[in-house]
Amino acid sequence: MIEGLRAYVARADDLLTTVRRTAHDRVTHPMPPLPARLSADEATPAEGVFTGWAAFRLDERRVRDLLMGIQLYKDRDLAIRELYQNALDACRYRRARTQYLDRTRDDASYAYEGEIEFEQDAEDGGEGRAYVECRDNGVGMGESELRGVFCRAGSRFVDQVDFKLEREEWAQARPPVELHPNSRFGIGVLSYFMLADEMRVTTCRMGVNGELGPLLEVTVFGPGHLFRIVRLKERGEEAGTRVRLYLRGGEEHDPGWSCLNALERVLGIAEFPTSVTHGPRRTRWKAGQLRSRKAPGNEPFGLDASGRTVPWQESPEGTQVIWCEYGGGLLVDGLVVHPEARPGVLSSSRSGLTGAVVNLFGASTPQRLSADRRTVLDDVSGQVKDLIERAAVPLVAGASSTAVLPSYEWICRVAEESMVLGDLLTAAAVESGRMLRFGGRQLVVSRTGCFLADARILGVQARPRDPWSSPRGHPPDSVYLWRLMAHGGSQILAELVEACPEIAEARHVLPAMPSDRDLLAAPGDDSTELFWDWSRDARYTADHLLGLARRWGTPVESLVDRAKRIGGMPRDASAKFDEFMEMVGWTDGDADSVAAEWRRCGMDVPESYVRLSAAAREDRLLQRELGRRKGRLGWVDPDKEVPAGHIVGAGWILGLPVAEVCARLSAYGLRTDAEGLPDLPDFRVVRLLSEKLDGRWPWLSRSEEVPPGHVLAAARGLGERPRDVLGMLADLGFAPPSTFPDDADPDDLAYLRTKTWRSFRRHEPIPYTHFFDVARRQGCTLREAIDRMRAYGFDVPFRPRRLLVPGSEFLYRDDGPLEWAGVTTADAMPFAHFIAAARSLFTSPSALADRLRVYGLESSCRDIPEGLTFASALELLRINEDEDLFLTIDCEVDLYDLIQKSRQMNAPIAQVVGWLQELGIPVPDLSQTLREALSRVPMADRP
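Residues numbered from 1 in each chain as written. Predicted model: local features only at pLDDT ≥ 70, side-chain atom pairs only at ≥ 80, totals over all residues. Heavy atoms only, no water.

1. Some points on the overall build of the protein
Counting secondary structure elements, the protein contains 35 helices and 18 strands. Counting across all 943 residues of the protein, residues that qualify as buried make up 51%. Looking at the protein alone, contacts between residues at least 24 apart form 65% of all its contacts between residues at least 6 apart. Accessible area for the protein stands at about 45,700 Å²; split by element, carbon and sulfur atoms hold 49% of it. (Helix = DSSP H or I, 4+ residues; strand = E, 2+ residues; numbered from the N terminus. Buried < 20%, exposed > 50% of the residue type's maximum accessible area, 1.4 Å probe, protein only. Contact = heavy atoms within 4.5 Å. Areas by Shrake-Rupley, 256 points an atom, 1.4 Å probe, with all protein chains shown as cover.)

2. Regarding the side chain of Asp516
Tracing the backbone shows Asp516 in helix α16 (residues 516–520). A distance of 2.8 Å separates a polar atom in the side chain of Asp516 from a polar atom in the side chain of Arg562. Sequence-distant contacts of Asp516, that is, excluding residues within four places in its chain, are made with Phe451, Trp482, Pro511, Arg562 and Ile566. (Polar contact = N/O pair within 3.5 Å; in protein donor to acceptor, adjacent residues only side chain to side chain.)

3. A short note on the packing of aromatic side chains
This model, assessed by the stated rule, comprises 24 aromatic pairs. Where Phe740 meets Tyr792, the ring centres are 5.7 Å apart and the plane angle is 80°; that geometry is what we call edge-to-face. Placement of the pair is Phe740 in the loop between α26 (722–731) and α27 (749–752) and Tyr792 in the loop between α29 (782–791) and α30 (831–841), with a sequence separation of 52 residues. Residues Phe740 and Tyr792 agree in their burial class; the two are buried. Between Tyr812 and Tyr855, the aromatic rings sit 6.2 Å apart at their centres with planes inclined by 55°, giving tilted as the arrangement. Remark: Tyr855 occurs in the loop between α31 (845–854) and α32 (870–877) and Tyr812 occurs in the loop between α29 and α30; sequence separation between them is 43 residues. Accessibility expressed as a relative area gives 5% for Tyr855, which makes it buried. Taken together through their ring pairs, the aromatic side chains of Tyr768, Phe771, Phe772, Phe798, Tyr812, Trp820 and Tyr855 make up a single cluster. Here the basic side chain of Arg291 rests over the ring of Trp285, its NZ or CZ set 5.3 Å away from the ring centre. (Phe/Tyr/Trp six-rings, centres within 6.5 Å; stacked < 30°, edge-to-face > 60°. Lys NZ or Arg CZ within 6 Å of the ring centre and 35° of its normal.)

4. Digging into the pairing of strand β4 (residues 212–220)
Across seven bridges, strand β3 (residues 196–206) lies against β4 in antiparallel orientation. From the neighbouring strand, Thr203 faces β4, where its bridge partner is Leu216. A loop of five residues connects β3 with β4, the two strands running antiparallel in sequence, and Gly210 in this loop sits at a positive phi of about 90°. Pairing of β4 with strand β5 (residues 229–233) involves four bridges; the strand directions are antiparallel. Within β5, the residue paired with Glu217 across the bridge is Val230. (Pairing = 2+ DSSP bridges.)

5. Observations regarding the packing of helix α33 (residues 895–905) against helix α34 (residues 909–918)
Viewed as axis vectors pointing N to C, α33 and α34 meet at an angle of 105°, and their least axial separation amounts to 9 Å. In terms of orientation, α33 lies roughly perpendicular with respect to α34. Together, Leu898, Ile899, Lys901, Ser902 and Met905 of α33 and Ile909, Val912, Val913, Trp915 and Leu916 of α34 make up the contact between the two elements. Among the residues forming the contact of α33 with α34, the class breakdown is eight nonpolar, one polar and one charged. (Axes fitted to C-alpha atoms, helices over the stretch in contact; angles between N-to-C directions. Parallel < 35°, antiparallel > 145°, perpendicular 65-115°, else oblique. Nonpolar A, V, L, I, M, F, W, Y, C, P; charged D, E, K, R; others polar.)

6. Side note on the sheet that holds strand β10 (residues 319–327)
Spatially, β9-β10-β13-β11-β12-β14 is the arrangement adopted by the six strands of the open sheet, whose pairing is mixed. Each having just a single partner strand, β9 (305–311) and β14 (375–376) make up the two edges of the open sheet. Bridging between β9 and β10 involves five bridges; their strand directions are antiparallel. By the bridge assignment, Ser306 is partnered in β10 with Tyr326.

Right under this line is the structure:
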């Protein structure tokens, strides 16, 4: 009682304050005397009745600000959006009421054409108060609507009893009358005060019988204020509503803001003719037609659809699809929205849709929108995809070969933003047998499809606005051959057929889809840029495929099938055990989930991996990290024999006999061999079997002889003589080096190991740069460095003199004019290196080759190959036109390189291959290269 009394008195006090503020300006007749204030502060319960009460209260001002202020309506454009949507509902309501009357009454005809008008101006010829006015000829409002819906936040006309009863009557008409209002939250009128500090509403209601009600006017000075309903006429002349918002001044006033600009940003398709006037500017929307607009680059929200447009004439009721040359977007009731869920065709990063504008209205309107009606909360991607897929068929089939839409460039542009939509358009073009122009030629799309890297492959010069992009690097030979075969008819392809006649027999290649590019390439580390050569590590393969599946809304299984078909991943891709175990570690040990996910991604994961991973969680013996401070043993791979070093390392760390370690490992199906190993090994044995002599993985292998460098390093590290280390290794069952000098000394380690402390194997080719580096570090001659390695059984054909010819020392340095990088003791010196060096030494390349031949180092050929001059040989070997970089022995030359060189040299591809092979550049046989590539070219399912 006390709390209720206080609340009642507080509201009465607010009423007195409002009356006192407005009465003497607006009430002309005498006012009765009223109290100045009312208060219930001293109203308390009788003594001893009860104590300690409270009531839950809402701070009405703060709640109102939350609904209409920065928390919900973050920009003033939303007030214009609300004005339009309320006018749209009013016009829809009158249209529905008119349709019902037409269908149920024979004595009259009710023709109706809705119209909405906006005007921004100032009163008194532009000198008075600035305002924005919205006028509609909709159903209008009567006193009950003004009291029951208009002035009550949270109320909606669709929830009123009268409307529900009327809708039931509409449903009985034949055909039934439908109304799909866009009113959702009932708080739209509050948003008007984002713009205004005063609002004037003039309205006339069209009754259920078609008769007009009185003309009413209300003036509202702000949310929460009282207003008076004034009857201007007993009967209005036209149904409709006029809402005039007097714009705020002061700091909140933005002189550059325009309701015309605001409506252009948010309104794409008007359901009824709509016009906006702001001073001399005037814009008009025709009913049902897209009004194109190119959005500024920094605009976060707004319509962006411009260029040529093609509407779908047979779109289902409640939908519209308009193809557009640039941009695109999703509309609800003709107004721009952004989708919250963006899979599939809605994966475009900005508007959610590219290449088309889709408008959902009426029965197709999404059920859930955000409170500001800018975001669709429902996942409408399936609905939109179905519409787009159906609309693509007539678009592709009905256009001429010279039409702007569809074009090859346009499909590429769409695909770069939405790969699913690009695939959908390409599939429609392939099915229809369309011809599209590209790079000055007509493409038979049913054969070529659309491949986003074709521009570079076909040598089409890129322009700044070209939509396609190609991954970094060169496409794999099979991809390059696929695209040449798909486009056909080129001189290059004819030359390839001559080298490999089987190409001519493979006539029906698979048409490409835009998404094939992303299945064949992948982004590099910390980069969105695509690269042709991406990691085949199972972890990255799975991440890449699953990421595409999420972004495109496509089952990963279908992506795997396509990737294998086009060569994006091997048809028999297998996971590696160490990759699998590391991934299991990153996912908190859930081996079954990792295996299931990788298998979904097309990789073979043996069940032994899963079992061993599960066992490793319980048995320390199977873990890579045993005694974390004492060393990392490495994974025990079920596909390989457990290294002896792992066995003795695990036994030493856990204090277990070698026999027990082997027995436990064998119980898990692992292969072990304890022959020669001590039963209770000490750390000296563990170190000896470790390649880095640190008691950690990697371990020496019993399948090959021990490198001599390891013997010397062990002698130094263990404090033993080299010969004693040889004996220790033999006792442990390892094969010592077959050649080992009697005067072996640990100081020889400088000759026998790389800069990373890895010991050279005896049959391993040694880079010549290693000899140069060792001679410099050891302060000996090049001949002495080479001779010392020969003493350990290394075969080095190069036999320089002990004292080099004066003036020639610069030839035998890794930083000299003659390129030695990549040349090993198993190679002849490429004549290409002599050509590049001769350019700066002002001598002939054959003279340089003769110098090295004297020392036993042969060259790939004795002179410049026939058909080449010194200058043309340099051009053939040049890597980049803008840089002095030339091909060397460690360069990989692929089919793309060969064809580019052929074009550059104006010579047959086979001739280019022969020249490069003679010059010592590793180029495989052209026929063999083409046959291997052809075996991976994706073929169509045709006889």
